[in-house]
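# Geometric and topological summary
Residue strings, one per chain:
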Amino acid sequence: MSFDPTTYEETSFDAILPAKELIKQIKQSYNNNKYPLVVDIGCGPGNTVKLLDNELKPEQIIGIDIDTEMISFAKQNNGLKNSEYYVQDIGADFDKWDQSLQKVSGKVSVIFSNYALHWVRDVETAAKNMSRLLSNTGIIVVDILYVGDIYRNVSVEQRAKYEQWLRYPSEQEVIGRWMSALKGAGLTQIDIKFWRPKCIYPEKVYDEFIQYPINWYKQYLKDNVDSGVNVDDLLKDLILKDRARKMSEKSPKGEDLIEIKQELWNFVIRK
Ligand SMILES: C[S@@+](CC[C@H](N)C(=O)[O-])C[C@H]1O[C@@H](n2cnc3c(N)ncnc32)[C@H](O)[C@@H]1O
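On a predicted model such as this, the values are computed, not experimentally measured, just so you know. (Residues numbered from 1 in each chain as written. Predicted model: local features only at pLDDT ≥ 70, side-chain atom pairs only at ≥ 80, totals over all residues. Heavy atoms only, no water.)

### Structural notes on the UniProt feature "domain: Methyltransferase" (unreviewed entry) in the chain
Rules: UniProt positions are given in the numbering used here, feature names are shortened, and annotations may be inferred rather than shown by experiment. For the purposes of this entry, the term helix denotes a DSSP run of H or I that reaches at least four residues, the term strand denotes a run of E that reaches at least two, and both are numbered from the N terminus.
Listed under "domain: Methyltransferase" (unreviewed entry) in the UniProt record, and renumbered for this structure, are residues 38-146. In residues 38-146, the share of helix is 33% and the share of strand is 31%. The end C-alpha atoms are 25 Å apart.

So this is what it looks like as structure tokens:
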């Protein structure tokens, strides 16, 4: 499909596009049009809490995020009559969670998470916590981003060299680990959809965003990186080689555009 600048606003990627897809899946999969309690895991600045509120009209909505600054921003800018926000790591031991959150155990109708779970380190505890929060008739609708295989386009020799200092998990490991963790937490009804949203950014904007995937890979760095290697620059180069395509078309504002391949795994889960 060729690029059409007149539809650029709708087709270009932003966090809202995958969030909207998740909401569509909630509406298709949830057997009730009443949502007593919705929880947004990794809610960030609260934009998705607002979107969920508009789309689902829940009685109560709780946003949790590991980052204190995100939660302060969300409270200030996206605080609603029926919303509450908490600083909380989804992968932390449930017994140590805030008492108000522990109280909603077994009462959550929908657990939503957009573009956040790929950051979770303790996947097994996160899955147990989600299962604990969910009501018996509730659903979990989340996406998991596989950040990508940046060694795909390098020679075997280069890959072996790079893997001495950076060995990140494969897509099978990431998705397989989530599957085992969910099943281990008693969440056995799992539907998965793999999709590749169209992601077109002004090049300048992606220059800032690229720090997020760079930081994802850097979690797995060993301490034997050759001195003289600028890790950020090398990762940026590998990431761009793996998934970016410079576009010949410009945005309606005349900006240079870049198309990024994204790989998202959407999960719809029940007890
Ligand atoms: C890319 S943002 C997505 C924000 C929001 N969901 C959206 O779609 O706009 C990812 C968020 O996940 C949060 N996060 C990362 N690890 C987390 C964890 N273990 N528990 C809770 N939140 C986490 C980050 O702090 C960040 O705000």
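### Focus: the sheet that holds strand S7 (residues 198-202)
Worth spelling out the cut-off: Here, any two strands with at least 2 DSSP bridges between them count as paired. Between N-to-C directions, angles cover 0 to 180 degrees, with each direction set by a line fitted to C-alpha atoms, over the stretch in contact for helices.
Spatially, S7-S9-S8 is the arrangement adopted by the three strands of the open sheet, whose pairing is antiparallel. At either end of the open sheet lies a strand with only one pairing partner, and these are S7 and strand S8 (244-250). Pairs of neighbouring strands in the sheet enclose a mean axial angle of 35 degrees, with direction left out of account.

### Quick look at the nonpolar core
The following threshold applies: The term nonpolar core refers to a set of buried residues drawn from Ala, Val, Leu, Ile, Met, Phe, Trp, Tyr and Cys, joined through side-chain atoms within 4.5 Å. Here's how the labels work: a residue is buried when its accessible area is under 20% of the maximum for its type, exposed when over 50%, partly exposed in between, all with a 1.4 Å probe on protein chains only. Contact criterion: two residues are considered in contact whenever any of their non-hydrogen atoms come within 4.5 Å of each other.
Ranked by size, the top nonpolar core spans 62 residues in total, and within it Trp178, Tyr217 and Phe267 carry the most contacts. With near-sequence residues (within four places) excluded, Tyr217 lies in contact with Val147, Gly148, Asp149, Ile150, Leu166, Tyr168, Leu235, Ile239 and Arg243. Grouped together as the second largest cluster of nonpolar side chains are 21 residues, Tyr30, Leu52, Leu56 and Val110 included.

### Some words on the packing of aromatic side chains
The condition is simple: Aromatic pairing here means that ring centres of Phe, Tyr or Trp (its six-membered ring) are within 6.5 Å. Orientation follows from the plane angle: under 30 degrees is stacked, over 60 is edge-to-face, and everything else is tilted. Lysine NZ or arginine CZ positioned within 6 Å of the ring centre and within 35 degrees of the ring normal marks a charge as sitting over the ring.
With the rule as written, the count across this model stands at 12 aromatic pairs. Taking the centre distance of 6.0 Å and the plane angle of 75 degrees together, the rings of Tyr162 and Trp165 count as edge-to-face. Residue Tyr162 is classed as buried on the basis of its relative accessible area of 10%. An aromatic cluster of three or more residues is present, and its members are Tyr146, Tyr151, Tyr162, Trp165, Tyr168, Trp216, Tyr217 and Tyr220. Lys193 extends its terminal NZ or CZ atom over the ring of Trp195, reaching a point 5.0 Å from the ring centre.

### Things to note about the packing of helix H2 (residues 16-29) against helix H3 (residues 47-56)
Angle between the axes and distance between the axes are the two parameters that describe a pair of packed helices. We count it as follows: For any helix crossing, the convention is left-handed if the near helix is rotated counterclockwise from the far helix by under a right angle, and right-handed if that rotation is clockwise. Note on residue classes: Ala, Val, Leu, Ile, Met, Phe, Trp, Tyr, Cys and Pro are nonpolar, Asp, Glu, Lys and Arg are charged, and everything else, Gly too, is polar.
Running from N to C, H2 and H3 cross one another at 35 degrees; their axes reach a closest spacing of 11 Å. As for the relative orientation of H2 and H3, their crossing is right-handed in sense. Residues Ile16, Ala19, Lys20, Ile23, Ile26 and Lys27 of H2 form the contact with H3, whose participating residues are Thr48, Leu51, Leu52, Glu55 and Leu56. Split by residue class, the contact of H2 with H3 holds seven nonpolar, one polar and three charged.

### Description of the sheet that holds strand S10 (residues 263-270)
Read from one edge of the open sheet, seven strands run S3-S2-S1-S4-S5-S10-S6, paired in mixed fashion. Of all the strands in the sheet, the pair left with one neighbour each is strand S3 (83-87) and strand S6 (189-195). Between one strand axis and the next, the sheet turns through 15 degrees on average, direction left out of account. As paired strands, strand S1 (residues 37-41) and strand S4 (residues 108-113) are joined by three bridges and run parallel to one another. Bridging from a neighbouring strand, Val39 pairs with Ile111 of S4. Here H3 sits on the sheet and contacts S1, strand S2 (60-65), S3 and S4; the angle it forms with S1, its principal contact strand, is near 150 degrees. In the packing of helix H4 (residues 68-78) onto the sheet, contacts are made with S2 and S3, and the angle to S3 comes to roughly 165 degrees.

### Considering the pattern of salt bridges
Threshold: Salt bridge criterion: a side-chain nitrogen from Lys or Arg within 4 Å of a carboxyl oxygen from Asp or Glu.
Following the criterion strictly, the structure yields 19 salt bridges and no others. In this structure, Asp232 engages Lys218 in a salt bridge whose closest nitrogen and oxygen atoms are separated by 2.7 Å. Taken together, the residues span a long stretch of sequence, with Asp232 in helix H11 (residues 231-243) and Lys218 in helix H10 (residues 211-218) at a distance of 14 residues. On the basis of relative accessible area, Asp232 is assigned to the partly exposed category, the value being 22%.

### Some points on the packing of helix H6 (residues 123-133) against helix H8 (residues 171-184)
To keep things clear, this is the line we draw: Orientation labels follow simple angle bins: below 35 degrees gives roughly parallel, above 145 gives roughly antiparallel, 65 to 115 gives roughly perpendicular, and whatever is left gives oblique.
One way to put it is that H6 packs onto H8 with a least axis distance of 8 Å and a crossing angle of 45 degrees. Accordingly, the angle class assigned to the pair H6 and H8 is oblique. Seen from above, H6 lies across H8 with right-handed handedness. Residues Val123, Glu124, Ala126, Ala127 and Met130 of H6 lie in contact with H8, whose contacting residues are Arg177, Trp178, Ala181 and Leu182. Taken together, the residues of the contact of H6 with H8 sort by class into seven nonpolar, no polar and two charged.

### Points about the site of the ligand
How we decide: One heavy atom within 4 Å of a molecule or strand makes the whole residue count as near it. Between N or O atoms, a polar contact is any pair within 3.5 Å; within protein, one atom must be a potential hydrogen donor and the other a potential acceptor, and residues adjacent in sequence are included only when both atoms are from side chains.
Of all residues adjacent to the ligand, which total 17 residues, the nearest are Gly42, Asp65, Asp89, Ile90 and Asn114. Asp65 places a side-chain nitrogen or oxygen 2.6 Å from an oxygen atom of the ligand. The contact in question runs from a nitrogen atom of the ligand to an N or O atom on the backbone of Ile66, over 3.2 Å. Grouping the amino acids of the shell around the ligand by side-chain chemistry returns nine nonpolar, five polar and three charged.

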